[in-house]
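Analysis of the macromolecular model
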Amino acid sequence: MTFSEGGRFEGGRVKRHGRGGTAVAGGGLVGIIALAIFLFTGQDVSGILGSGQGGGASQPVEEVGECTAEQANADPLCRYSATLESLDVYWAATVPAGTAFAPPSGNEFTDGVATGCGQASASTGPFYCPADQGIYLDVAFFDLLQQQLGAQGGPLAEMYIYAHEYGHHVQHLTGVFDSADRSGGGAESDSVRVELQADCYAGMWVGDAATREDPETGVTYLQPPTREELAQALDAAAAVGDDHIQQQSGGVNPDTWTHGSSEQRQTWFTTGYEQGSLEACDTFATDSL
Ligand SMILES: [Zn+2]
């Protein structure tokens, strides 16, 4: 999926947090186990992450500046920034009536970062912190996704992850985060329903972005995804399914699922992509996840 020629993104959307945080390597079995717990949590991770006290927390050092569409297609940080700008416009127009919209902050870090939900490390994986309404990500995660979880990678795979985390922000705004019981796991649990809804919301944005025009430039944000690009996003969704991660690190146990199986994650992404409505993404209203 590529940004349309003539597109231009003003920047200031992603803060880069410099080195200096608590370094925890994301490699090896420890990394896999951490991923199994944290990956795409979108949950209140304050009890899981470190205290954020005295950990050599890094500070924002710079912001990703203006990017052209060509730069967004070539550079991962520009892609992150431009994707958030597109998501901002989409969700400002799409949140349910009566929901006040404010965008989440976008953050990229190396090694570690202090957040409103505690200290995060590279092995934490991408997450959304409701306490400070921020999306956090170490771009090294994309290497981990390919090397440890066997994902193909690719631009739309990255954009799916941003859009998934953004989906958690929408859930925070609508109150789903508060109303769902996210304390337990299991294939039918609220935890899984929250995650699958975020996958569905990601699909909604992908389905919309090729037709929605940037009001600043009059150019559509994205070109329609190719079949191959859609496969990249679905592949990423499968790679982060609970069953797939559990296969990598031991045995598959649906009773402990918090995010849903590979098949479920692909199904709900596709539902959002094809149907493009909040109603279709109501994972709490169905008996068949
Ligand atoms: Zn998630």
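To be clear, the structure that these remarks concern was listed above.
What you are looking at is a predicted structure, and each value in this text was computed from that prediction instead of being measured.

Time to look at the side chain of Gln246. With respect to the secondary-structure elements, Gln246 resides in helix α9 (residues 242–249). Classification of Gln246 by relative accessible area gives buried; the value is 13%. A distance of 3.1 Å separates polar atoms of two side chains, one belonging to Gln246 and the other to Trp257. Apart from the residues lying within four places of it in its own chain, the contact partners of Gln246 are Gly251, Val252, Asn253, Thr256 and Trp257.

Before going further, it helps to spend a moment on the packing of helix α7 (residues 190–209) against helix α10 (residues 262–275). For the pair α7 and α10, interaxial distance at closest approach is 6 Å and the crossing angle is 40°. By the angle between their directions, the pair α7 and α10 is classed as oblique. The hand of the α7/α10 crossing is right-handed. Contact residues: α7 offers Val192, Glu195, Leu196, Asp199, Cys200, Ala202, Gly203, Met204, Val206 and Gly207, while α10 offers Gln264, Arg265, Trp268, Phe269, Thr271, Gly272 and Tyr273. When the residues that make up the contact of α7 with α10 are grouped by side-chain class, the tally is 9 nonpolar, 5 polar and 3 charged.

What follows concerns the packing of helix α8 (residues 227–239) against α10. The N-to-C vectors of α8 and α10 enclose an angle of 140°; their axes lie 7 Å apart at closest approach. Viewed along their axes, α8 and α10 adopt a mutual orientation that is oblique. The element α8 and its partner α10 pack so that their crossing is right-handed. Contact residues: Leu230, Ala233, Leu234, Asp235, Ala237 and Ala238 in α8; Ser262, Arg265, Gln266, Phe269, Thr270 and Tyr273 in α10. Of the residues belonging to the contact of α8 with α10, the class tally is 7 nonpolar, 3 polar and 2 charged.

Glancing now at the packing of aromatic side chains. According to the stated counting rule, one finds 10 aromatic pairs in the structure shown. Between Phe9 and Tyr221, the ring centres sit 6.3 Å apart and the planes meet at 25°, which makes this aromatic pair stacked. Of this pair, Phe9 sits in strand β1 (residues 8–9) while Tyr221 is found in the loop between α7 and α8, placing the two residues 212 residues apart along the sequence. By relative accessible area, which is 4% here, Tyr221 ends up buried. Geometrically, the ring pair formed by Tyr90 and Trp91 is edge-to-face, given 5.0 Å between the ring centres and 70° between the ring planes.

Conventions used here
Residues numbered from 1 in each chain as written. Predicted model: local features only at pLDDT ≥ 70, side-chain atom pairs only at ≥ 80, totals over all residues. Heavy atoms only, no water. Helix = DSSP H or I, 4+ residues; strand = E, 2+ residues; numbered from the N terminus. Buried < 20%, exposed > 50% of the residue type's maximum accessible area, 1.4 Å probe, protein only. Polar contact = N/O pair within 3.5 Å; in protein donor to acceptor, adjacent residues only side chain to side chain. Contact = heavy atoms within 4.5 Å. Axes fitted to C-alpha atoms, helices over the stretch in contact; angles between N-to-C directions. Parallel < 35°, antiparallel > 145°, perpendicular 65-115°, else oblique. Left-handed = near helix turned anticlockwise from the far one by under 90°. Nonpolar A, V, L, I, M, F, W, Y, C, P; charged D, E, K, R; others polar. Phe/Tyr/Trp six-rings, centres within 6.5 Å; stacked < 30°, edge-to-face > 60°.

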